[in-house]
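Listed here are the chains, written in short residue letters.
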Amino acid sequence: MKIGVVGLGKMGLSHLSMINAHPDVEVAGIVDSAGYLLDVLGKYTGMQRFSDYETMLDTVELDAVLIATPTRMHEPMVRAALERDLHVFCEKPLCLTSAESIALGELADERGLVTQVGYHNKFVGAFQEVRNLLDAKAIGQVTHVLAEAYGPVVLRAKGSTWRSRKSEGGGCLYDYAAHPIDLLTWYLGAPVGVGGSQLRRVFSDHTEDEVLATMYFEEGVSSQISVNWSDESCRKMTTKVTIWGTAGRIQADRQECQVYLRDTVEPPPGYQHGWNTKYTTELTDPTWFYLRGEEYSAQLDYFVQRVRAGKVEGVNTFQSAAVTDRALELISQDAAVGTSLRELRPAQPTPATTTDRMKRRIFRKQP
Amino acid sequence: MTTQIAPSPAHRTDRMPRLLFGDNQFFGVNHMSEEKARQQAMRFQNLDSIVRVLDAACDEGIDTFMCTTHDRIGEICAHVRANPERYADFTFYPCMPYAHKYADAVTEDGMLGAIRRFLPEEGLFNAAFRGGRALATKDVEGIITLLVDAEMAAFRGVRTPVIWLQNVVVDLLLGLDFKDAFSIFDEHVRTRYGAEPGYITMNLPRALDMFDDIGLVNPIVCSNINKLGFRMSGGIEEYQAALRDRQFRAVAMSVFASGAIPPREALEWVCSQPQIESIVFGASSRANIAQTAELVAEFC
């Protein structure tokens, strides 16, 4: 299978290394707008290099493209590939609007092409185990979820790459919060609404560094989002989900999945009532190549196998990424409306409850 | 345009110690539990607490410290330099680069910005010249040697007979088929530091193939080797075949599979594998260090 790789930033270079090592893949072309790295790779690895994407598409015979450019560029690049009947693996998030993502998904469907977006957490054993537990109704009816991600990305008022520019798709929401939000949509489906969203700056001038929001799902399920990429206390990105249900609770991060199961339901095979812990060592399948984590290799292998089998359905298709893009869009829109201060307004002259009287007293005390 | 490396017997180190002391526990790295990693980071945020554990390791006869080039390692080097009698036999095996430092810098400044940020402090004119020329002429050799020198600055005046290239970089270059980078690192470590280059990889069989291709003779290679096959890409059988049939100096890491294998069982298995020259392990307490040393003495 012949593949072209577009964008040689941090993610693109990792993808290139992993896909180049894949036994079923030949990298037929690499594209980047910055000449330096491209020239180095061309000179030292012999890969065929292009400074222009369209030129590569017109010059090289390909089965698929792997796109790892800034988010703003995804839509036209993905479209150009689909129109040439190429399968597409694209880095997350797919597009800056869900309308674009939906349209790309429809185009891929019409042409029977395999699509995949780089939400690698779905290939982390512990997060997959959460999905298995939810499918097995292990904790009964889910009531609430806390989705968190913290890490040390922007730690000072500086930064000059596309990640610091909102218009390019940078910022904590699209670049960081997209991961836990995508996990939420995987576990709970499309949100029906969002509220209380805040996109807060800590150090950045033009983008947010913190994302806080509530998401609402079917059947009265809600989720809090707490994401901060200006958190130096974490050595690297830490993503965590905690899920409460009527019959227990699940807490998972990349390393382990901790589960409490009440005795009101039968535990799934391999679990017992009370606390259970499954570690990454038992939840992770081996991969053909390891760089930075099994999940990165695993998602690329999954894409390759889907293309070989012509399997259009699967995990992380453009359709599922469009749901996540919609959620990101809703949070942006909700945050733009501003914080609701309804609770702080003086109560209307209706029969006062104890709580209302207390609220007014508190309100009066404030300067 | 791959450069063949001539064998350099002049720089061969003696046999490495059976046990090397690792540093993951000091810097919040734990492959099983993020919570455990955080607790360890809290426990070891003062130099004193790290030094106490290193001293315990020395007292158990383990005085080779295989460590990243994390900023705080500089403090440990300073402590060792300041106490030459206490650390007469103490040896560092630096592993470079400390990948997170670069990854974060790339996020902030882009690829080239990150490289520029890590110019070495020493010989600024020389560095700037080499750096400038490297960027202008796409001279990868200049950049690689420059970054190695920047990473080695903290280790001036302490013993570093083996210098490792970290797995994130080895495996990135391996996947890219970037053979010359290995040759350049190898040559620079031997000539400038009189040290033996070592390579950490999560893809041992594939890495050995590449080292053969570029003519590295009997390279020092560190990889996960454990009874569970945890993070042994290519499969445990291929690793065992490599240990049996290939010529390299094997260092086993992650022998406990991050705690998933009980110590006795883990060490009995790893010691029964052929050709393992050293085992690198991390521990936070004197009791665990002593237990590992005793078990290795029993099995190896």
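Cut-offs and rules
- Residues numbered from 1 in each chain as written.
- Chains lettered and ligands numbered in written order.
- Predicted model: local features only at pLDDT ≥ 70, side-chain atom pairs only at ≥ 80, totals over all residues.
- Heavy atoms only, no water.
- Helix = DSSP H or I, 4+ residues; strand = E, 2+ residues; numbered from the N terminus.
- Contact = heavy atoms within 4.5 Å.
- Areas by Shrake-Rupley, 256 points an atom, 1.4 Å probe, with all protein chains shown as cover.
- Domains from an automatic or database assignment.
- Buried area = accessible area lost by both parts, 1.4 Å probe.
- Salt bridge = Lys/Arg side-chain N within 4 Å of Asp/Glu carboxyl O.
- Polar contact = N/O pair within 3.5 Å; in protein donor to acceptor, adjacent residues only side chain to side chain.
- Nonpolar A, V, L, I, M, F, W, Y, C, P; charged D, E, K, R; others polar.
- 1 Å grid on protein atoms, 1.4 Å probe; cavity = no way out; pocket = protein on both sides within 12 Å on 5 of 7 lines; lining within 4 Å.
- Points joined across faces, edges and corners; volume = space filled by probe spheres on them.
- Buried < 20%, exposed > 50% of the residue type's maximum accessible area, 1.4 Å probe, protein only.
- Pairing = 2+ DSSP bridges.
- Right-handed = clockwise from strand over helix to strand, strands pointing away.
- Axes fitted to C-alpha atoms, helices over the stretch in contact; angles between N-to-C directions.
- Core = buried A, V, L, I, M, F, W, Y, C linked by side-chain atoms within 4.5 Å.
- UniProt positions renumbered as here; feature names shortened; annotations may be inferred.
- Parallel < 35°, antiparallel > 145°, perpendicular 65-115°, else oblique.
- Left-handed = near helix turned anticlockwise from the far one by under 90°.

Named according to an unreviewed UniProt entry, chain A is Putative dehydrogenase originating from Allobranchiibius huperziae.

A. Representation of the overall build of chain B. The helix and strand inventory of chain B stands at 12 helices and 8 strands. Of the contacts made within chain B by residues no fewer than 6 positions apart, 76% connect residues no fewer than 24 positions apart. Of the accessible surface of chain B, which amounts to about 12200 Å², a share of 51% is contributed by carbon and sulfur atoms.

B. The arrangement of the domain arrangement of chain A in detail. Residue and element names in this part refer to chain A. Split by domain assignment, chain A resolves into domain 1 (2-113) and domain 2 (122-283). Put simply, the middle of domain 1 and the middle of domain 2, counted by C-alpha atoms, are 28 Å apart. Across the contact, 7 residues belong to domain 1 and 9 residues belong to domain 2. Together, the buried faces of domain 1 and domain 2 total about 760 Å²; carbon and sulfur atoms form 55% of this surface. Joining domain 1 to domain 2, the criterion identifies 1 salt bridge. A salt bridge links lysine 92 to aspartate 175, with the nearest nitrogen and oxygen atoms 4.0 Å apart. Linking domain 1 with domain 2 are 3 residue pairs in polar contact (both at pLDDT 80 or more), by the criterion used here. When the residues that make up the side of domain 1 that touches domain 2 are grouped by side-chain class, the tally is 4 nonpolar, 1 polar and 2 charged.

C. Representation of empty space enclosed by the protein. Per the counting criterion, the structure on display carries 2 cavities of 30 Å³ or more. The calculated volume of the largest cavity comes to roughly 70 Å³. Lining the largest cavity we find Phe123(A), Val124(A), Gly125(A), Ala126(A), Arg254(A), Gln255(A), Thr280(A), Thr284(A), Glu294(A), Glu295(A) and Arg231(B). Elements represented by at least two residues in the lining of the largest cavity include exactly α6 (125-135) and α9 (294-309) of chain A.

D. Expanded view of the pairing of strand β1 (residues 2-6) of chain A. Residues and elements named next belong to chain A. With respect to burial, β1 is a largely interior element, 4 of its 5 residues being buried. Where β1 lies against strand β2 (residues 26-31), 5 bridges are found, and the strand directions are parallel. Bridge assignment links isoleucine 3 to a residue of β2, and that residue is valine 27. Read from β1 through helix α1 (residues 10-20) to β2, the crossover connection turns out right-handed. Strand direction decides the pairing type here: β1 and strand β4 (residues 64-67), joined by 4 bridges, are parallel. What sits directly across from valine 6, in β4, is isoleucine 67.

E. Molecular detail of the sheet that holds strand β10 (residues 222-228) of chain A. Residues and elements named next belong to chain A. An order of β8-β9-β10-β7-β11-β12-β13-β14 is seen for the 8 strands of this open sheet, with the pairing classed as mixed. The sheet terminates laterally at β8 (193-200) and β14 (274-279), the two strands that pair on one side only. Ignoring which end each strand starts from, the neighbouring axes of this sheet average 10° apart. Where β8 meets strand β9 (residues 210-216), 6 bridges bridge the pair, whose relative direction is antiparallel. Bridging from a neighbouring strand, glycine 193 pairs with tyrosine 216 of β9. Of the strands in this sheet, β8 and β9 are in contact with helix α10 (residues 318-337), which crosses β8 at around 70°.

F. View of the nonpolar core. If you look at the biggest cluster of nonpolar residues, it comprises 111 residues, and the most contacted ones within it are Phe21(B), Phe65(B), Phe92(B), Val270(B) and Ile279(B). A per-element tally of this core places helix α2 (residues 47-59) of chain B first, with 7 residues. Aside from chain neighbours lying at most four places away, what touches Val270(B) is Ile225(B), Ala252(B), Val255(B), Ile276(B) and Ile279(B). Grouped together as the second largest cluster of nonpolar side chains are 77 residues, Ala138(A), Val154(A), Ala321(A) and Leu330(A) included.

G. Inspection of the pairing of strand β1 (residues 19-22) of chain B at higher detail. Residue and element names in this part refer to chain B. Covered by surrounding structure in β1 are Leu19 and Phe21 together with Leu20 and Gly22, the residues of both alternating faces. Sheet topology places β1 next to strand β2 (residues 64-68); 2 bridges connect them, and they run parallel. Considered in β2, the bridge of glycine 22 is made with methionine 66.

H. Layout of the UniProt feature "domain: Gfo/Idh/MocA-like oxidoreductase N-terminal" (unreviewed entry) in chain A. Mapped onto this structure's residue numbering, the UniProt feature "domain: Gfo/Idh/MocA-like oxidoreductase N-terminal" (unreviewed entry) falls at residues 1-119 of chain A. Segment residues 1-119 of chain A splits into 45% helix and 20% strand. End C-alpha atoms: 22 Å apart.

I. Structural context of the pattern of salt bridges. Inspection of every chain in the model, using the stated rule, returns 29 salt bridges over all chains. A salt bridge links Asp39(A) to Arg49(A), with the shortest nitrogen-to-oxygen separation between them at 3.3 Å. Linking Asp39(A) in helix α2 (residues 35-45) with Arg49(A) in strand β3 (residues 49-50), this pair joins segments that are 10 residues apart in sequence. A relative accessible area of 23% places Asp39(A) in the partly exposed class. Given the relative accessible area of 39%, Arg49(A) is considered partly exposed. For Asp182(A), the salt bridge is made with Lys122(A), and the minimal N-O distance between the two is 3.0 Å. One end of the pair, Asp182(A), is in helix α7 (residues 172-188); the other, Lys122(A), is in the loop between β6 (115-117) and α6, and 60 residues separate them in sequence. Residue class for Lys122(A) comes out buried when judged on its relative accessible area of 3%. It is possible to trace a salt-bridge network through shared partners that takes in Asp186(B), Arg190(B), Glu196(B), Arg249(B) and Glu277(B).

J. Representation of the packing of α1(A) against α9(A) in the model. Residue and element names in this part refer to chain A. Here α1 crosses α9 at 60°, and the two axes come no closer than 10 Å. With respect to α9, the axis of α1 lies oblique. Relative to α9, the crossing made by α1 is right-handed. Residues Met11, His15, Met18 and Ile19 of α1 form the contact with α9, whose own contacting residues are Tyr296, Ser297, Gln299, Leu300 and Val304.

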